[in-house]
Every structure is written in structure tokens, then in C-alpha cells.
Amino acid sequence: MIVEKTLELLEWERLCQHLSTFAATKLGVAAAVQLTLPETVGTSETLLQQTQEVYDLETQLLTSLTFEGIHDISAALARSQRQGILSGEELLQVATTLFGSRNLRRIINRYPELASLNQLVADLRTYPELEQEIRHCIDEQGEVADRASEKLLGIRQRQHQVRNEVQTILQRLLQRKGAALQERLITQRSDRFVVPVKAPQKDAVPGIVHDTSTSGATLYIEPRATVELNNRLRQLTRQEQVEAEAIRQALTAKIAEVHVDLETLIIIVTAVDLATARARYSYWLGANRPRFVNRDKSETLTLRRLRHPLLIWQQQHEQGPEVVAIDVTIQPHIQVVAITGPNTGGKTVTLKTLGLATIMAKVGLFVPAQEPVELPWFDQVLADIGDEQSLQQSLSTFSGHIRRIQDIISALSDQSLVLLDEVGAGTDPLEGSALAISLLRYLADHAQLTIATTHFGELKALKYTDTRFENASVEFDDATLQPTYRLLWGIPGRSNALIIAQRLGLNEQVIAQAQAQMDGETDDVNQVIAGLETERRQQETKAQAAAKLLQSTEQLHQQVSKKASDLKVREQKLRQQQEQAVQEEIRRAKQAIAQVIRDLQQQPKSAPAAQDATQRLEKIANQRLPSRTKPKAPPPKGFHPQVGDRVRIPSIGQKADVIKVTPTQELIVQFGMMKMTVKPTEVESLTGEKVAPPPKQTDSAPKKEDSTPKNSAPMVRTSQNTLDIRGSRVADAEVVIEDAIAKAQGPLWIIHGHGTGKLRLGVQAYLKQHPLVSRYEFAEQADGGKGVTIAHCGV
């Protein structure tokens, strides 16, 4: 009884009504309104997990559960068990419920990570064959369809024929007897076709009078010519009803056979809808999932920025005031919290907010508080809030409180949460204070947690004699003489009765006399409390200032980090643009070089032509390639390039391979199709190391003229150094290649084509073992690619 009374005092029914508005089916609405409280923590954990999975499904996976077509078929199932016959509409609702349930399960099964929901729908049986049979026999309007049976189809076809015959006869009658008719129309009375005849002209249309108009001026007569047809039509109608009823009865019997599974289906669908309603309501509240803590393992009850869910609803839907959030942090050794402070300060609302938060967590709802939301699992919440007066039972306010407290003690367990409003009030203050202290000590021994509001100063001192007690107070602003509804922990509150009475306009003389009669000790205590409150506000002001400073520092750090990131991105972008520009210049230079080579190949072989090509290449290098005079930092010494090393030529911005070191220590390098002779000082390693200068030659050392040109021309392909052996056998090709190698002094282009690849393999095997061939390679793609092998001879 006390548990139900507690739910009433906490206005739990209103919260359930709010929850029901988020349900999608009538089943879910009914379940939300009559929400039952779980009896074990395991059940609560399961409900919370279901809520979490629906929450994640709709907010993260962006998929909504749909309950379209699902109806409450409980009454239909019950009547099928009593051998009743379901109507066509009820049968159709069974079919759509089967389809909607199957679609619901299909959505959940698409996400195997939703383990709790998948387990919930695992036993869902939707009988697609039964659904299809119902849809085959019942149309969308809930009527038995012609296709349900051949017999029904035949009856309806005969009905149609007879009806047409009746209509034909009556139409002719309307044409012949138009003057005797009130209107030229055909209507029905008692399921028989009749025509409206003027009363004075009734003899003009012999037949049976089935009805008369209110004024008596019109008679509805069934002509004799259609009596037999109407009789036959009525017989067919009765046959149709019998056949349709037999079809519905057969379908009802099939539903009765599987009623157990269908009742399970209703339970499962209701549970899914209820989980969806909990998730959507929790999302609307801006709530977070609670975690149940064990205070026996030194875990703290933590509810930060906790808001009353009914006040949130009132603010959103009824233009209520802004909801003030409270912070609740209760250490595990605390068994009783005494909340003090002025009336209208929010003490009762605090009790109700804590009670509702506890019950919401039990039923699988998220709690409207800031993460982390941590609170114990209470097996029951027992409350004494508000006055309990009864003239019939001769109960005063005090008597009503005592009666409820006795009920609380009778129902108490070591896992209970007890909420007491104005404990000990309604009687002599001295006795009431003693009774309140005794009661709270008893509850500290027998309940998990007790929250009590009081005005008694003696209860404020319990904290200092018993470590299981804690003080809290509702804040009161002395400047505005208004409560702030904030909850302060660690210090007791002042009642501020005289201040409030003065604000409400009580006579000043009365207030002055009351102030004079107050005990000095009480005044001292209030001054101490006021000093603590002032110190607390100062600390909060400093904490807020520190938080703002920290926030500003974090914002500054974010701004600096962003600027650094932007500069890095900008630097990378500029580097990419520079690299693109260099690559573009190199591409144009290569195009110009390729044009020189093509022009040289088309001209007859001569020294002036070669000299002209060399000059053009030098001009291209000066115009297109990076400056050769670009200043460089002094490089480290000690680099000695060898044959096979890869070096960089800064003057033209190219990387090349060293293919030979001449007796004069000059380097013959190659990049792509180009081969040139450079001095060691004109190259550097890939890491930027310069070549160490050679030791100075003594006068006794013989000087040798350098016969190598300073700027060697690139490899140029002509008809003289090109050998086409396509179509030859390997043995014949070797003879031709041997002769060409003997005459060659540089690269030799051997065109062997692609073909089967045998000729290419034979040629390269021959070149590999030839003593006059230093190396070989495939030509550039534009010059033949893998269909041409370049052999470097005589170098």
C-alpha cells in the first residue's frame, strides 16, 4: 500500500502519461500508462540496455523502428479461443499485425550488434502463410473477397445477374409510369428494390407497399413484376452470408490453433514499442543512461545537473518557468541527509526529483542529469510527502504523518530509499525534534539511504556526532529575498522565517517583537551559517572565475593550434605549387628536347647539325631549367661518386646515374634518354653532399688534354645507330648485332618488337654476356618501350 502511495505522491502516473505519448501502438500506450516496477537489478539492466540499443539505432545508425500495421489483437485472440467468429476487419488486423511484426524483426536483425533487441525478437513467430491466406480471403475493406471460394464467387455472380434483371424491369417501369412517380429513381426498403409512387396514383403501379414517406404523399412500392426476382435476390444474399461466415470461421479456427504464439507476439511487440518509447522520451529529456553503483563497495551516488522530468514537460508544453538543476553527491558512508532551508525554497521538489530519478532508472528510463549518472538500485522507494488530513478518520497533519511513517517502517528493507518531508512536524517542536532524531537514527540502521527535510535545528547538529549523517540546504538569496532553488551540500540552511514573513507583508511591529524574543544562541548559529554560506558563495565565485580562465586558455590554445595547423597547410600548399611549377617547366623542357631530337633525326647526319642541336639544348637548359647560378649553402665534403651511384645535378635540377668515371675523373651520367659528361664539382649526393676537390697536381705530373666536350649532347637516335631485327631468328639476329656492336661508339637501338617475346629474350641474353656492352635497357615509351632495347657499347 505504501509503495502505491509513494508513486502517487511522486506523481509517477503523470510521468507515465508523458511516456505513453512516445509509444507507437495502442499496445505500447497501454503498457506505458500501467508501467510496472522491476523486482531485480538484472531486469532493470536489461531494460536499460534495450533503451540504449533503440537510442543508438535511431541517433547513430539513423534507422527508426516502424510499427505500421500492428494492432491490439488481444480481444480477437480471446474470442477465437471461445469459438467465436472474427469479423473481416479483425481478421485483416491479425494479418497486418503479422506483417508489421515481421518487418519490425527484419529491421532489428539487420544490426546483430543490437544483442538485447535481437534476443527479444528471437522467439517472434509471424506465420507468413496464415497472413497470406487471410489476405487472400479478406480484401482491404475487411470484406470477404470473391476469390475466397468458387462457391462464393458463383453466388455473387448470380446475385449480379438477378440485380441487373430487377434494374432493367424497374427502368422500363420508370419510363412508362413516369407521371405516377414522385421521382424517377430506384431505391431500397428492407433490402428489396422499390420505386417512389404518388399516393393518389398507387393503382398505376400494382405491387407491395413497403414504406410510406413522413407526409404520406409517397408510397414505396415493389412492383409485382420484381417480387419473384427480389425473393430470389434475398435468398442469394442469405447464401452469400452463410458462405462468407464459413470462410471467416475457418480462418478464425486457424488463428485459434496458434493463439499461444500470437499472444507471445503481442508481448514481444509491446516490449519493443515500450523500449522505443523509453528511448525517444529519454532523448527528448536530454537524459543519460544511469549506472547502478554498489555503496557497499565505496561507490558514490552522483547526480549532477539533475532536473525534475515533470517540470521539464511543464516548461516545454505549458510555458512553465525554467527548470533549475541540482547537484546530488552522496558518499557511500552517508545513510541520512537532512535538508534544511526556508519554505518555498525547493526542498520538497528535491525529494520528488530524487525519487523519480530512482524509479526512472529502475524501469529502464534514462535520467535527466549530466554524465556520469550513478545511483544505487533501490528495491523500493518509500515516501512521506505532504499533509495527510482526514475529517472522516479524525486525522490531524501529525497523525497522518505518523501513520505513513509506521507503514514505511513496516515495509522497510536494507535496500530501501526513504523520503521524508518535514519530519517531526505538526506537533510540539521539542517532542517533534526528539521523535525526528530517533526516527532518522533508526532509518540509518535499517534503510540504505534516507533523505529528510526539516526545520529543526537539532537535526542539523547530527552530522557532527554521527558520521552517517550529512547536511544540505536550499539556497536563499538575501539580496533579492528570493530562493534560488539550488541545493548546497555540507552546511545547514537557515529557515529565514522572519525575512520571508517581512517580504510577504507581515506587520513590522510583530516582526520586530519576534526578532527581540529570538534566543541569542540561535542568532549566533544563524550568523555562523550565514558566514558559511557567504564563504561558499565566494569559493563558487572563484571557482567560476577559474573555470572561465581555463576556458579562455583552452580557447586560446585551440586558436594557436588552429593557426599553426593553417600555416602548416599553407606551407604544404605553397610547396606543392612550387613543385608543380618546377615539374611544369621540366615537362616543357623535355618537350623542347624531344623536338630537337626529332629535328636531328630528320636532318642528314653532319657536324653542323649536331653542333646546332647542342646549342639549342644549351639554350633550352638556360631558359626552362632552374637557374644554374642559384646560390647554395657550403656542402659537406667527402662525397666520392662511383659507377652505379645516383647523384643530383643542381644546374638542371635532375637526378642521374653514374655510368662511368673517365681517367680525368670526370663523370659520365645518364638520366632517361640523356647522357652527358659533367665535372665532379657539378654534382652532389642525394643528401646534399658535395664532391671533395681533387688534390692539386704537381709540376712533375704529366698533363693530359681533355678530349671530352664540356657539355655532351644527349643520346640521339639516328638511322646509323638503329638496328631493326623484327622477324629474324635469334641466331641470325646475333650475327647482325655483333657487327653493329663492333662499329658502335655509344647507344645502339635494337628494334625487336613485342611478338612472343622469344626474340627479345634472346637478344638481351646475348647482350648480357657481350664484353663490349656495358649495360642495356628498354627504350622510353615514346621511343618504342619494351619493343626496343638500348645497348650501351664502347663506353
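Residues numbered from 1 in each chain as written. Predicted model: local features only at pLDDT ≥ 70, side-chain atom pairs only at ≥ 80, totals over all residues. Heavy atoms only, no water.

## Digging into the side chain of threonine 302
Move 1: Residue position: threonine 302 is located in strand β6 (residues 301-306).
Move 2: A residue is classified by how much of its surface remains accessible, and threonine 302, at 6% relative accessible area, is buried.
Move 3: Excluding its chain neighbours within four sequence positions, the residues that come into contact with threonine 302 are Val328, Pro372, Val373 and Glu374. (Helix = DSSP H or I, 4+ residues; strand = E, 2+ residues; numbered from the N terminus. Buried < 20%, exposed > 50% of the residue type's maximum accessible area, 1.4 Å probe, protein only. Contact = heavy atoms within 4.5 Å.)

## Brief notes about the pairing of strand β9 (residues 370-376)
Move 1: In this sheet, β9 lies alongside strand β5 (residues 290-293) in parallel orientation, the contact comprising four bridges. In the strand pairing of β9, phenylalanine 292 is matched with leucine 375.
Move 2: As defined by bridge partners, β6 adjoins β9 across two bridges and the pair is classed as antiparallel. Bridge pairing in β9 places threonine 302 opposite glutamate 374. (Pairing = 2+ DSSP bridges.)

## As for the pattern of salt bridges
Move 1: A full pass over the atoms with the stated rule returns 30 salt bridges.
Move 2: Residue arginine 189 is joined to aspartate 211 by a salt bridge in which the shortest nitrogen-to-oxygen separation is 3.0 Å. Taken together, the positions of arginine 189 in strand β1 (residues 187-189) and aspartate 211 in strand β3 (residues 207-212) put the pair 22 residues apart, joining distant regions of the chain.
Move 3: You can call arginine 189 partly exposed: its relative accessible area is 23%.
Move 4: We classify aspartate 211 as partly exposed; its relative accessible area is 31%.
Move 5: For aspartate 384, the salt bridge is made with arginine 404, and the minimal N-O distance between the two is 2.5 Å. Taken as a pair, aspartate 384 in strand β10 (residues 380-384) and arginine 404 in helix α14 (residues 397-411) lie far apart in primary sequence, 20 residues in all. Arginine 404 shares its class with aspartate 384; the two are buried.
Move 6: What you see here is one network of salt bridges that share partners, running through Arg102, Glu131, Arg135 and Glu140. (Salt bridge = Lys/Arg side-chain N within 4 Å of Asp/Glu carboxyl O.)

## Here we look at the sheet that holds strand β20 (residues 722-724)
Move 1: The four strands lie next to each other as β20-β21-β23-β22, forming an open sheet whose pairing is mixed. Looking at strand neighbours, the two that pair on one side only are β20 and β22 (773-778), the edges of this open sheet. Across the sheet, the mean angle from the axis of one strand to that of its neighbour is 20°, orientation sign disregarded. (Axes fitted to C-alpha atoms, helices over the stretch in contact; angles between N-to-C directions.)

## Examining unusual backbone geometry
Phi is mostly negative for residues that are not glycine, and the peptide bonds are mostly trans.
Move 1: For the bond running from glutamate 371 to proline 372, omega is -5°, close enough to zero to count as cis.
Move 2: Here proline 372 shows up in strand β9.
Move 3: Even without a glycine there, the phi angle at tyrosine 127 is positive, about 45°.
Move 4: In this fold, tyrosine 127 is placed in the loop between α7 (115-120) and α8 (128-137).
Move 5: Positive phi is not limited to glycine here, since arginine 305 has a value of about 55°.
Move 6: With respect to the helices and strands, the residue arginine 305 is situated in strand β6.

## Examining the sheet that holds strand β2 (residues 192-198)
Move 1: The antiparallel open sheet is built from four strands, whose spatial order is β1-β2-β4-β3. With one partner strand each, in any of the chains shown, β1 and β3 form the two edges of the open sheet. The mean angle between the axes of side-by-side strands here comes to 50°, regardless of whether they run parallel or antiparallel.
Move 2: Two elements, β3 and strand β4 (residues 218-223), share five bridges in a ladder whose sense is antiparallel. Within β4, the residue paired with glycine 207 across the bridge is proline 223.
Move 3: Across the face of the sheet, helix α9 (residues 150-176) comes into contact with β2 and β4 while running at roughly 10° to β2.

## Regarding the side chain of arginine 278
Move 1: Along the chain, arginine 278 falls in helix α11 (residues 259-285).
Move 2: As a buried residue without a salt bridge, arginine 278 has its nearest oppositely charged side chain in glutamate 53, at a separation of 9.6 Å.
Move 3: Engagement of the side chain of arginine 278 in a polar contact is seen with the backbone oxygen of glycine 364, the distance being 3.4 Å.
Move 4: Not counting chain neighbours up to four residues away, the residues in contact with arginine 278 comprise Leu19, Leu47, Gln50, Thr51, Val363, Gly364 and Leu365. (Lys, Arg positive; Asp, Glu negative; His and termini not counted. Polar contact = N/O pair within 3.5 Å; in protein donor to acceptor, adjacent residues only side chain to side chain.)

## Focus on empty space enclosed by the protein
Move 1: Tallied over the full model, the rule gives two cavities of 30 Å³ or more.
Move 2: Its boundaries defined by the atoms lining it, the largest cavity holds a volume of some 70 Å³.
Move 3: Lining the largest cavity are Leu301, Leu303, Leu354, Ala357, Thr358, Leu375, Phe378, Leu417, Leu419, Leu449 and Ile451.
Move 4: Top element by residues in the lining of the largest cavity is helix α13 (residues 347-362). It accounts for three residues.
Move 5: Broken down by class, the residue content of the lining of the largest cavity amounts to 10 nonpolar, one polar and no charged.
Move 6: By volume, the second largest cavity amounts to about 50 Å³.
Move 7: What lines the second largest cavity is simply Phe398, His401, Ile402, Ile405, Glu422, Val423, Gly424, Ala425, Leu435 and Leu439.
Move 8: Elements that contribute at least two residues to the lining of the second largest cavity include exactly α14 and α15 (429-446). (1 Å grid on protein atoms, 1.4 Å probe; cavity = no way out; pocket = protein on both sides within 12 Å on 5 of 7 lines; lining within 4 Å. Points joined across faces, edges and corners; volume = space filled by probe spheres on them. Nonpolar A, V, L, I, M, F, W, Y, C, P; charged D, E, K, R; others polar.)

## Brief notes about α9
Move 1: Look at α9: 40 Å from first C-alpha to last across 27 residues, which is about the 39 Å you get at 1.5 Å a residue.
Move 2: Regarding α9, the residues found buried are Leu152, Gly154, Ile155, Arg156, Gln159, Val162, Val166, Leu170, Leu173 and Leu174. (Expected span 1.5 Å × (residues − 1).)

## A closer look at the packing of aromatic side chains
The description of an aromatic ring pair uses the distance of the two centres, along with the angle that the planes make with each other.
Move 1: The full count for this structure, using the stated rule, is six aromatic pairs.
Move 2: Plain terms: the ring middles of phenylalanine 22 and tryptophan 284 are 6.3 Å apart, the flat faces sit at 55° to each other, and that makes the pair tilted. Of the two residues, phenylalanine 22 sits in the loop between α2 (12-20) and α3 (26-33) while tryptophan 284 sits in helix α11, which places them 262 residues apart along the sequence.
Move 3: Exposure remark for phenylalanine 22: the relative accessible area of 17% places this residue in the buried category.
Move 4: Given a relative accessible area of 29%, tryptophan 284 falls into the partly exposed group.
Move 5: A centroid spacing of 5.3 Å and a plane angle of 55° characterise the contact between tryptophan 284 and tryptophan 313, whose relative ring orientation is tilted. On the criterion of sequence distance, the pair formed by tryptophan 284 in helix α11 and tryptophan 313 in helix α12 (residues 309-317) is long-range, its members being 29 residues apart.
Move 6: Three or more aromatic residues joined by ring pairs form one cluster here, namely Phe22, Tyr281, Trp284 and Trp313. (Phe/Tyr/Trp six-rings, centres within 6.5 Å; stacked < 30°, edge-to-face > 60°.)

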